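Inside the fold
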Amino acid sequence: MLNKLAASELILNEDGSVYHLNLLPEDIATKIILVGDPDRVPKVSKYFDKVEVKKNKREFYTHTGTLRGERISVMSTGIGTENIDIVMNELDALVNIDLKEKEFKSEHQSLELFRMGTCGSVNPDVQVDNMLVTQNVVGLDGLMHFYQDYQFENEFSKNFYEKFPYEKIKPMLYFSDWSEELGELYKDAKYHGNTATFPGFYAPQGRQLRLKALDEKFLENLNDLGITNFEMETSAIYAFSKLLGHKAITVNNVIANRRRGEFSSDHHASEKNLIEWVLDRIIK
């Protein structure tokens, strides 16, 4: 492989920033909080000592500043693993590619990535408004099958794949797991679990409006295979981190228990608790 990247492969804006994130290497810290909703970015950064960088393009908003004297960034990804494909590749390019020369750097830099979000639970025993840290994750969206070198297997993935009953979906499955090092920061979470990342909000999550879902017992069957909760980004964050040499952890607040039909009575308060709980542990 040639070390020099073509202009069509690494697209830059006129100021030399990466195309979608609209960022330069100096705009980010090595500790980055990833949130889905752009409106959540200022809700996180208001806790910073100061904010030095505020940039945005499309749904990608980034604030970088300091927290208790250490540099930190918070960035919105939007919804879904297709956006994570953009975020992870462009974040890695910012630290591991010389953007001016469009060449790979000789020394690798590793980022610490903290997904902070909300999720629904498929386990009837999981109580809403509590923190859940993702240990293992299965992606049902197929994204990582587009990448040549991705392979991951552990006991959870082998058992899940063997028993997964939906043959049409099975070829799309891929797996990953957390950074144990970052997991240590959140070992006091009420729940540690196995997460399913879905490619949609309605039928993939068992919801039915005018269109019928594949199987009315889909979520129940996932719980039987060891799944604790579901959301729409973690599988790609964890898998790209494995491929690119970064560390990642997902901390979600459970705002819904789908098996019991419960939803958080005050998800805004729940979100505030999540932000404060994560930030309290993020700086060593």
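Just so we're clear, the structure is a prediction, and the values are computed from it rather than from any experiment.

Looking now at the UniProt feature "domain: Nucleoside phosphorylase" (unreviewed entry) in the protein chain. Sequence positions flagged by UniProt for "domain: Nucleoside phosphorylase" (unreviewed entry) are, in local numbering, residues 32-261. Each end of residues 32-261 is marked by a C-alpha atom, and these two atoms are 33 Å apart; helix forms 23% of the span and strand 33%.

Ranked by internal contacts, the top residues of the largest apolar core, which has 59 residues, are Ile33, Val44, Leu91, Tyr186 and Ile282. No other element matches helix H2 (residues 81-96), which puts 8 residues into this core. Not counting the four nearest positions on each side in its chain, Ile282 is found in contact with Lys31, Ile33, Leu67, Ile72, Phe114 and Tyr186. Within the second largest apolar cluster, 18 residues are counted, among which are Leu140, Phe156, Leu173 and Leu225.

Moving on, we get to helix H6 (residues 234-244). By the criterion of burial, H6 is predominantly enclosed, with 8 of the 11 residues buried. If you check which residues of H6 are buried, you get Thr234, Ser235, Ala236, Ile237, Tyr238, Ala239, Phe240 and Ser241. Once H6 finishes, Gly245 follows within two positions and takes phi at roughly 80°, a positive value.

Position of Glu112 among the secondary structure elements: in strand S7 (residues 112-121). A polar contact is formed between the side chain of Glu112 and the side chain of Lys31, at a distance of 3.3 Å.

A few words on the packing of aromatic side chains. For the coordinates displayed, the defined rule picks out 13 aromatic pairs. Here the aromatic rings of Phe114 and Tyr186 are separated by 6.4 Å at their centres, their planes lie at 75°, and the arrangement is edge-to-face. Of the two residues, Phe114 sits in strand S7 while Tyr186 sits in the loop between helix H4 (180-183) and strand S10 (191-197), which places them 72 residues apart along the sequence. Like Tyr186, Phe114 is buried. Taken together, a centroid distance of 5.4 Å and an interplanar angle of 65° make the contact between Phe164 and Tyr166 edge-to-face. Among the residues examined, Phe164 registers a relative accessible area of 2% and is labelled buried.

Turning to helix H3 (residues 155-163), a few remarks are in order. Buried within H3 we find Phe156, Ser157 and Phe160. All buried residues of H3 project into a common sector of 95° when viewed along the axis, lining one side. Facing away from the buried side of H3 by over 90 degrees, the exposed positions are Glu155, Glu162 and Lys163. Check the buried side of H3 and you find it contacts strand S8 (131-139), strand S9 (174-177), S10 and helix H5 (218-224). Between the side-chain oxygen of the N-cap and the backbone nitrogen of Phe156 there are 3.2 Å, and the N-cap of H3 in question is Asn154.

Our next topic: the packing of H2 against H6. Close contact between H2 and H6 brings their axes to 9 Å; oriented N to C, the two are set at 30°. Put simply, H2 runs roughly parallel to H6. Crossing handedness for the pair H2 and H6: right-handed. In this structure, H2 contributes Thr81, Ile84, Asp85, Met88, Asn89 and Asp92 to the contact, and H6 contributes Ser235, Ala236, Ile237, Phe240, Ser241 and Leu244. Split into classes, the residues belonging to the contact of H2 with H6 amount to 6 nonpolar, 4 polar and 2 charged.

It is worth spelling out the pairing of S7 at this point. Remark: a regular strand shows side chains that alternate across the two faces of the sheet. Extensive coverage of S7 is indicated by the burial of 9 of its 10 residues. Sheet analysis places strand S1 (residues 31-35) next to S7, joined by 4 bridges and oriented parallel. Residue pairing across strands places Ile32 opposite Leu113, the latter belonging to S7. Pairing of S7 with strand S12 (residues 247-257), which is carried by 10 bridges, proceeds in the parallel orientation. Bridging from a neighbouring strand, Thr118 pairs with Asn253 of S12.

What counts as what
- Residues numbered from 1 in each chain as written.
- Predicted model: local features only at pLDDT ≥ 70, side-chain atom pairs only at ≥ 80, totals over all residues.
- Heavy atoms only, no water.
- UniProt positions renumbered as here; feature names shortened; annotations may be inferred.
- Helix = DSSP H or I, 4+ residues; strand = E, 2+ residues; numbered from the N terminus.
- Core = buried A, V, L, I, M, F, W, Y, C linked by side-chain atoms within 4.5 Å.
- Buried < 20%, exposed > 50% of the residue type's maximum accessible area, 1.4 Å probe, protein only.
- Contact = heavy atoms within 4.5 Å.
- Polar contact = N/O pair within 3.5 Å; in protein donor to acceptor, adjacent residues only side chain to side chain.
- Phe/Tyr/Trp six-rings, centres within 6.5 Å; stacked < 30°, edge-to-face > 60°.
- Arc of directions from axis to C-beta.
- Axes fitted to C-alpha atoms, helices over the stretch in contact; angles between N-to-C directions.
- Parallel < 35°, antiparallel > 145°, perpendicular 65-115°, else oblique.
- Left-handed = near helix turned anticlockwise from the far one by under 90°.
- Nonpolar A, V, L, I, M, F, W, Y, C, P; charged D, E, K, R; others polar.
- Pairing = 2+ DSSP bridges.

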